[in-house]
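Coordinates in review
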Amino acid sequence: MIHVEVVYCPRPGAIDSVELSLQEGCTLRDALAGSGLLLRHGLSLETVTVGVWGRKQGLDAALRSRDRVEIYRPLQCDPKEARRLRYGERAAAGKRRPA
């Protein structure tokens with residue numbers, strides 16, 4: 001038996017985590033099915049992006065003991081675009097300050 005943790009963050013600051021004991025040779029697909037997180041959060045196995053310890057993996061990737069399986073949320077905004085917008089807001093605020 002191997003022990004893994006399956007984690008999903010439905011929104012910033014919230015974590016839903018399930019610890020599982022699975023058979024040797026299990027895959028990401030097995031861990032997701034056993035955790036019940038997909039069903040609980042209304043996610044689809046076909047559209048979800050998953051990884052192990054921060055590295056994107058396919059559903060048929062083999063797991064090892066003490067792996068952390070992560071279910072990723074889709075990005076709401078491109079990180080480069082968000083950074084550009086923040087910089088623009090700071091620059092505009094700096095121009096409004098009296099000298």
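Residues numbered from 1 in each chain as written. Predicted model: local features only at pLDDT ≥ 70, side-chain atom pairs only at ≥ 80, totals over all residues. Heavy atoms only, no water.

**Overview of the pattern of salt bridges**
Evaluated as defined, the whole model comprises five salt bridges. Between Glu70 and Arg68 there is a salt bridge; the shortest N-O distance is 3.1 Å. For Glu70, a relative accessible area of 14% corresponds to the buried category. The salt bridge partner of Arg84 is Glu81, with a shortest N-O separation of 2.5 Å. In this pair, Arg84 and Glu81 both sit in helix H3 (residues 79-96), three residues apart, roughly one turn of the helix. According to the relative accessible area criterion, Glu81 is partly exposed, its value standing at 30%. Overlapping salt bridges, with partners in common, bring together Glu5, Arg68 and Glu70 in one network. (Salt bridge = Lys/Arg side-chain N within 4 Å of Asp/Glu carboxyl O. Buried < 20%, exposed > 50% of the residue type's maximum accessible area, 1.4 Å probe, protein only. Helix = DSSP H or I, 4+ residues; strand = E, 2+ residues; numbered from the N terminus.)

**Looking at the pairing of strand E5 (residues 68-72)**
Bridge count for strand E1 (residues 2-11) against E5 is four bridges, and the pairing is parallel. Bridging from a neighbouring strand, Glu5 pairs with Arg68 of E5. Here strand E3 (residues 49-52) pairs with E5 via four bridges, running antiparallel. When the bridges of E5 are listed, Val50 appears paired with Ile71. (Pairing = 2+ DSSP bridges.)

**Some words on the sheet that holds E5**
The five strands lie next to each other as E2-E1-E5-E3-E4, forming an open sheet whose pairing is mixed. Each edge of the open sheet is held by one strand with a lone partner, namely strand E2 (14-22) and strand E4 (55-56). Along the sheet, helix H1 (residues 28-35) contacts E1, E2, E3 and E5; its crossing angle with E2, the most-contacted strand, is approximately 115 degrees. (Contact = heavy atoms within 4.5 Å. Axes fitted to C-alpha atoms, helices over the stretch in contact; angles between N-to-C directions.)

**Overview of the side chain of Ser35**
Of note, Ser35 is situated in helix H1. At 3.0 Å, the side chain of Ser35 and the backbone oxygen of Leu32 are in polar contact. Among all residues touching Ser35, those that are not within four sequence positions of it are Val6, Val18, Leu20 and Arg40. (Polar contact = N/O pair within 3.5 Å; in protein donor to acceptor, adjacent residues only side chain to side chain.)

Remember, this is a structural readout, not a statement about activity or role.
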